[in-house]
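Listed below are the residues making up each chain.
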Amino acid sequence: MFDIRAYNRDAWNKQVDSGCVWSQPVDHGVIERAKKGDWKIVLTPLISVPNDWYPDFKGKNVLCLASGGGQQAPILAAAGGLVTSFDNSPQQLAQDYLVAQREGLSIEIIEGDMRDLSVLADGHFTLIFHPVSNIFVPDVLPVWKEAFRVLEPGGILLSGLVNPINYIFDIEKYDNEKILEVRHKIPYNDIDDLPGDVLEKFKLEGTPLEFSHTLEELIGGQIQAGFSINGFYEDKFENDLMSQYYPTFFATKAIKPL
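Residues numbered from 1 in each chain as written. Predicted model: local features only at pLDDT ≥ 70, side-chain atom pairs only at ≥ 80, totals over all residues. Heavy atoms only, no water.

Along the protein chain, the regular secondary structure elements total 9 helices and 7 strands. When its C-alpha atoms are laid out on the principal axes, the protein chain stretches across 50 × 40 × 40 Å. Counting all 258 residues of the protein chain, 52% fall into the buried class. The long-range share in the protein chain, meaning contacts at least 24 apart out of those at least 6 apart in sequence, stands at 70%. In the structure as shown, the protein chain presents an accessible area of about 11,900 Å², 52% of it carried by carbon and sulfur atoms. In the protein chain, which carries 22 positive and 37 negative side-chain charges, the distance between the mean positions of the two groups comes to 4 Å. (Helix = DSSP H or I, 4+ residues; strand = E, 2+ residues; numbered from the N terminus. Buried < 20%, exposed > 50% of the residue type's maximum accessible area, 1.4 Å probe, protein only. Contact = heavy atoms within 4.5 Å. Areas by Shrake-Rupley, 256 points an atom, 1.4 Å probe, with all protein chains shown as cover. Lys, Arg positive; Asp, Glu negative; His and termini not counted. Charge placed at Lys NZ, Arg CZ, Asp CG, Glu CD.)

Below is the structure:
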């Protein structure tokens, strides 16, 4: 049976080695400014999370969920959070560790599956920061349930999400010919829906495999887990063909009721 967690762990390790934009550690100046209260981070490609979405997390426990790469976790730690970075990729976690060591920050590093946070205690965190990443697991509902469990009452879950419509298009024509041609139904996943030769090419290249999730799973799933959603915005890539026609990403702010 194909082990998607192991495959995507290795694929993301390769992304780090190749210099992926989401795996490039922030520099010293960014950390110094964060220590002074001047910082911004993203859940989606371009738009920074609004300042009023954050609870007061100074001196409190913060979970960066599937958020390795030397970017968000070190900034939140420099801003005063007691940060745990939980990610499936050892190399992504190593980027967080690199910045923490370089800047004298304390970040707890845990390798694991975002759908299983059993090593973390109930009600432990004030804030969970979960940028676009659940496209790399086939089932998103366990992510929401586990996030709800480990948050304290009144805690905040900030999530970056992919618009499911992105996955209806033929990826070959989109990548190679810059044509948006409808090919797939939603929900979509690379394993079942890519042409066999394209899937084999992805595997040979070590490309992370993705899974779309329905809006019912992405939004309704958070509500089903017990959250109240009280923040939402849309985003897109800067020079992306799909982004010329509609928002390709969105972000949500969810609260665990008191």
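What follows picks up the thread again.
Okay, the nonpolar core next. Nonpolar side chains tend toward joint burial in soluble globular proteins. Trp 39, Tyr 54, Leu 76, Phe 129 and Leu 158 are the most contacted members of the largest nonpolar core, which has 29 residues in total. Of all the secondary-structure elements, those providing two or more residues to this core are α2 (28–35), β1 (61–65), α3 (72–78), α4 (90–103), β4 (125–130) and β5 (151–162). If you tally residues by element for this core, the top one is α3, at 5 residues. If we skip the residues at most four places from it in the chain, Leu 76 touches Trp 39, Ile 41, Tyr 54, Phe 57, Val 62, Cys 64, Gly 81, Val 83 and Phe 129. Of all hydrophobic cores here, the second largest spans 24 residues; its members include Phe 86, Ile 128, Leu 161 and Phe 250. (Core = buried A, V, L, I, M, F, W, Y, C linked by side-chain atoms within 4.5 Å.)

Per the stated rule, a full pass over the model turns up 0 disulfides. This cysteine, Cys 64, is not joined by any disulfide, and Cys 20 carries the nearest cysteine sulfur, 17 Å off. Overall, the relative accessible area of 0% leaves Cys 64 in the buried class. (Disulfide = S-S within 2.5 Å.)

The subject of this paragraph is helix α1 (residues 4–17). An α-helical turn contains 3.6 residues, so a residue and the one three or four places further along point in the same direction. With 14 residues, α1 extends 20 Å between its outermost C-alpha atoms, agreeing within 8% with the 20 Å of an ideal straight helix rising 1.5 Å per residue. Those residues of α1 that sit buried are Ile 4, Ala 6, Tyr 7, Asn 8, Ala 11, Trp 12, Asn 13 and Val 16. Among the structural elements, α4, α7 (190–193) and α8 (196–205) are those in contact with the buried residues of α1. The N-cap residue of α1 is Asp 3: its side-chain oxygen and the backbone nitrogen of Arg 5 are 3.2 Å apart. Looking one or two residues past α1, Gly 19 carries a phi angle of roughly 85 degrees, positive in sign. (Expected span 1.5 Å × (residues − 1). Polar contact = N/O pair within 3.5 Å; in protein donor to acceptor, adjacent residues only side chain to side chain.)

This brings us to the packing of α1 against α4. Interaxial distance between α1 and α4 falls to 7 Å at its minimum, and their mutual angle equals 45 degrees. By the angle between their axes, α1 is oblique relative to α4. Here Arg 9, Trp 12, Asn 13, Val 16 and Asp 17 of α1 lie close against α4, whose contacting residues are Pro 90, Gln 91, Gln 92 and Gln 95. For the contact of α1 with α4, a count of residues per class yields 3 nonpolar, 4 polar and 2 charged. (Axes fitted to C-alpha atoms, helices over the stretch in contact; angles between N-to-C directions. Parallel < 35°, antiparallel > 145°, perpendicular 65-115°, else oblique. Nonpolar A, V, L, I, M, F, W, Y, C, P; charged D, E, K, R; others polar.)

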